[in-house]
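Coordinates in review
What follows is each chain in one-letter form.
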Amino acid sequence: MLNIALVAGSSRNNSQSGKVARALRQRLIEMGQTTQDTSSIIDLGLAPLPLWPAEDAGPWSMYQQQLAAADAVVIIAPEWNGMACPAIKNFFIYASKAELAHKPGLLVGVSSGIGGAYPISELRASSYKNCRLCYLPEHLIVRQVEKVLNGPQAVDEADERLRARIDYALDVLVRYAHALQPVRAAIGFDNPAFANGM
């Protein structure tokens, strides 16, 4: 079984991003790729990280353990005003190579409308630099999020199409997770000359 961490990147309690995280985790369990015990959801709305830099890092030590144990990570990023929301950007300031280096990451954009692409572009551009998370060439965009993934069965054609795409993307993530395990084990992280990305 793989250990997979899902990060719900909204700072809102009871967010749609949290709903998407729970739906993706449940689907991974149904696919037989992880279990309740080998997967975790980091919900930045339920237990927010303090704005960096902070003297008290809040729940970060717990998040560090969850991420370090993970073989793969799903980053769920809501779009706010055409940008990735502050909570997920702040998360990546905390995250380092100790937790995420050379692990596959699936990006999931979330929009209440027909957007959702901008957080994907923004996070691909900068968030991996120092933590060395390896984003998949695949990603998901959950549009009209309030209308989809609300139960075990699809309610319409858009919901059904999204669920098929989710299965495809999660299958790709799982294959990358298995493939990158020996790569990660073979790379040393202790060279101070290359502590940060370029």
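Keep in mind it's a predicted model, so treat the numbers as computed, not measured.

Cut-offs used in this document
- Residues numbered from 1 in each chain as written.
- Predicted model: local features only at pLDDT ≥ 70, side-chain atom pairs only at ≥ 80, totals over all residues.
- Heavy atoms only, no water.
- Phe/Tyr/Trp six-rings, centres within 6.5 Å; stacked < 30°, edge-to-face > 60°.
- Helix = DSSP H or I, 4+ residues; strand = E, 2+ residues; numbered from the N terminus.
- Buried < 20%, exposed > 50% of the residue type's maximum accessible area, 1.4 Å probe, protein only.
- Expected span 1.5 Å × (residues − 1).
- Bend = angle between axes of the 7 residues up to and from the residue.
- Contact = heavy atoms within 4.5 Å.
- Polar contact = N/O pair within 3.5 Å; in protein donor to acceptor, adjacent residues only side chain to side chain.
- Core = buried A, V, L, I, M, F, W, Y, C linked by side-chain atoms within 4.5 Å.

With that out of the way, let us pick up the packing of aromatic side chains. Applying the stated criterion to the full structure yields 4 aromatic pairs. Note on W52 and Y94: the rings are 5.1 Å apart at their centroids and 85° apart in plane angle, and the pair reads as edge-to-face. Residue W52 is found in the loop between β2 (39-43) and α2 (60-69), and its partner Y94 is found in helix α3 (residues 86-94); the two are separated by 42 residues along the sequence. Taking the centre distance of 5.1 Å and the plane angle of 85° together, the rings of F91 and F92 count as edge-to-face. For the residue pair F91 and F92, the accessibility class agrees, reading buried in each case. A connected cluster of aromatic rings, assembled from ring pairs, spans W52, W60, F91, F92 and Y94.

As a further point, take helix α6 (residues 157-186). The end-to-end C-alpha distance of α6, which contains 30 residues, comes to 44 Å, matching closely the 44 Å that a straight helix rising 1.5 Å per residue would cover. For α6, the principal kink sits at L180 and spans about 35°; a proline, P182, occurs within the next four residues. Here α6 has its buried residues at D159, L162, R163, I166, A169, L170, V172, L173, V174, A177, L180 and R184. Looking at the buried residues of α6, the elements they touch are α1 (16-30), β3 (72-80), β5 (104-110) and β6 (134-142). Looking at where α6 begins, the residue whose side-chain oxygen comes 3.2 Å from the main-chain nitrogen of A158 is D156.

Bringing the nonpolar core into the picture now. The biggest cluster of nonpolar side chains holds 28 residues, and the ones touching the most others in it are V20, L24, V74, I76, L106, V108 and V142. Breaking this core down by element, the ones donating at least two residues are β1 (4-8), α1, β3, β5, β6 and α6. The greatest single-element share of this core, amounting to 8 residues, is contributed by α6. Among residues more than four places away in sequence, those in contact with V20 are I76, V108, V110, V142, V145 and L149. One finds V7, L44, L67 and I75 within the second-largest nonpolar core, a separate group that totals 27 residues.

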